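# Notes for the structure review
One-letter residues, chain by chain:
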Amino acid sequence: METSIGVGLGEIAVSQNRDQILVAFGLGSCVGIGAYDPKKGIAGLLHAVLPEPLNSTDSESTKYVKNGIYKLMDQMIEMGAAQERLIIRMAGGANMLTSPGLSKTFDIGTRNIAVAERVLQEKKLKVISQSVGGNTGRTFRVYVSDGKMTIRMIGEKETVF
Amino acid sequence: MTELKSLFTEEFVDLLVKISGEGIVNAAKGFAGMIGKELEVKNSSVKLVKLLDISKMLGGPEDETVAIYLKSEGTIAGQMMLVLPFDKAMGIVDQIMGEPIGTTQSLGQMEKSALQELGNITGTYFLNYVADNTGSFVRPTPPAVMVDMCGAILDIVIATAGIENEEVLMFDAEFKQGDLSTDIQFWVIPDPKTIIAYGAK
C-alpha cells in the first residue's frame with residue numbers, strides 16, 4: 001500500500017521504498033525539485049522556500065534553493081544514486097499576487113526558479129520537464145515506485161509532467 | 001519560541017498586547033459593519049512565530065482557501081491577511097451583497113471586488129487604531145484577493161517575512177460570525193525592522 005510522505009517547507013525527503021510517494025503540498029512561490037535515479041530506484045524531493053540567504057547565519061539551511069539542491073544531491077548520492085543518471089523535474093515558483101502595485105514586490109517565485117536553473121546548470125543536472133511560474137499553487141508528487149512525477153492545481157486533476 | 005519580553009521593553013510589550021486586543025476588535029467592527037452582522041473576536045493574541053511553522057497554523061495545505069491580503073505602508077510597515085475557507089468566502093459575499101446565504105456559487109470579478117473592499121475596511125480600521133495609539137503614520141495598500149491552495153497562499157507571508165527573519169511577530173484572531181459555521185482568521189505581521197525601531201530593548 002502506498003504511503004504519502006509530506007515534504008514541508010525547507011525539507012528534503014529521499015527514499016528507495018517503492019511504497020512511498022514524496023509530496024510537497026501547495027507550492028506557491030516555493031519551488032520543488034524532484035530527482036530520480038531509474039537504475040537504483042532512488043527518488044528525492046526538495047521543497048525550497050527562498051532563493052538565497054541574505055546573511056551567513058543560516059546559509060546552510062535547505063529552505064534556500066541553492067543549499068537545498070546541494071543537500072538533495074548529497075543525500076541521494078549517499079543512498080547510492082549516481083548524479084549523471086538523475087532525472088530532474090521542477091515545479092512551483094508561482095507569483096501568487098497579481099494585484100497591481102503588489103505583485104512586483106513579491107516576485108520570489110521567479111527568483112526561486114532563476115536560482116534553481118542556475119544551480120542545476122552549474123551541477124550539470126538537466127531538467128527533463130518543469131511546471132513553473134504563473135499565478136497558481138501546485139502540489140508536487142514523486143512516486144518512488146517508478147519515478148513518476150505529477151502536479152495538481154486547485155480544481156484540476158493530478159497530471160504527469 | 002522566543003518570549004516577547006526578551007526582545008522588547010515592558011512598555012512596548014504592553015502596547016503590543018493592547019493592539020492585539022483592542023486593535024483587532026476595532027478591525028472586527030469594520031468587518032462587521034461591511035457585512036451588517038455582529039462578529040465575535042476569539043483567541044486574539046500577539047506572539048513570536050517560527051517562520052516555517054506558519055504553514056501549520058491553518059488546515060491542510062491543499063485546502064481551497066480565500067485570502068484577502070494587503071500591506072501597510074508608512075512608519076510601521078507590515079502584512080495583513082484575512083484567511084477563510086472557500087465556502088465561507090462565498091457566504092461572506094452573500095452577506096455583503098445582501099443576498100441569502102448560498103446565492104453566490106463562484107468568485108468572479110464582482111465577488112472578488114466585494115472581498116477586496118472587506119479587506120480594505122478591516123485593514124483600515126486596524127491601522128487607524130495603530131496610528132492613533134502609536135502616533136505613527138500608516139496606510140493600507142490596495143488589497144489582493146487570492147483563491148488557491150492554503151499552502152500556496154501562505155507562501156506569500158513566509159517568503160515576504162522570511163528573507164531576513166527566522167521568527168516573526170504576529171497578531172492573530174478568529175472572527176466568529178453566528179450565521180456561518182467556520183471561523184475567519186485575521187493575521188497581522190509587522191515588518192520586523194519597523195517594529196524593532198519602535199520597541200527593541
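The structure we're discussing is the one just above.
Source: prediction; values computed, not measured.

## So, the overall build of chain A
Each helix and strand counted, chain A has two helices and ten strands in total. Order of helices (α) and strands (β) in chain A, N terminus to C terminus: β-β-β-β-β-α-β-α-β-β-β-β. Its C-alpha radius of gyration of 15 Å places chain A within 12% of the 15 Å reference for a compact globule of 161 residues. If one aligns the C-alpha atoms of chain A with their principal axes, the spans along those axes are about 50 × 40 × 25 Å. Taking the contacts inside chain A whose residues are at least 6 apart along the sequence as the reference set, 63% of them involve residues at least 24 apart.

## Thoughts on helix H2 (residues 10–35) of chain B
Residues and elements named next belong to chain B. With 26 residues, H2 should cover 38 Å at 1.5 Å per step; its first-to-last C-alpha distance of 37 Å lies within 8% of that length. If you look at H2, its biggest bend is around 30 degrees, right at Ile19. At its buried positions, H2 is contacted by helix H1 (4–7), strand S1 (40–50), helix H3 (86–97), helix H4 (109–134), strand S6 (167–176) and strand S7 (184–190). Downstream of H2 by one or two residues, Gly36 has phi in the positive range, about 70 degrees.

## A closer look at the packing of H2(B) against H4(B)
Residues and elements named next belong to chain B. The N-to-C vectors of H2 and H4 enclose an angle of 145 degrees; their axes lie 8 Å apart at closest approach. Where H2 crosses over H4, the two elements pack in a sense that is right-handed. Within the contact between the two elements, H2 uses Lys18, Ile19, Glu22, Gly23, Ile24, Asn26, Ala27, Lys29, Gly30, Phe31 and Met34 and H4 uses Glu117, Leu118, Ile121, Thr122, Thr124, Tyr125, Phe126, Asn128, Tyr129, Val130 and Asn133. Of the residues that constitute the contact of H2 with H4, the class distribution is eleven nonpolar, seven polar and four charged.

## Notes on the pairing of strand S3 (residues 78–85) of chain B
All names here are of chain B. In terms of residue burial, S3 counts as a mostly covered element, since eight of its eight residues are buried. Of the two faces of S3, both are covered, the one formed by Gly78, Met80, Leu82 and Leu84 as well as the one formed by Gln79, Met81, Val83 and Pro85. In this structure, the hairpin formed by strand S2 (residues 64–74) and S3 is closed by a connection of three residues. Across six bridges, S3 lies against S7 in antiparallel orientation. Its bridge partner being in S7, Leu82 is matched across the sheet by Phe186.

Thresholds applied
Residues numbered from 1 in each chain as written. Chains lettered and ligands numbered in written order. Predicted model: local features only at pLDDT ≥ 70, side-chain atom pairs only at ≥ 80, totals over all residues. Helix = DSSP H or I, 4+ residues; strand = E, 2+ residues; numbered from the N terminus. Rg over C-alpha atoms; globule rule 2.2 N^0.38 Å. Contact = placed C-beta atoms within 7 Å. Expected span 1.5 Å × (residues − 1). Bend = angle between axes of the 7 residues up to and from the residue. Axes fitted to C-alpha atoms, helices over the stretch in contact; angles between N-to-C directions. Left-handed = near helix turned anticlockwise from the far one by under 90°. Nonpolar A, V, L, I, M, F, W, Y, C, P; charged D, E, K, R; others polar. Buried ≥ 20, exposed ≤ 12 C-beta atoms within 10 Å, placed from the backbone. Pairing = 2+ DSSP bridges.

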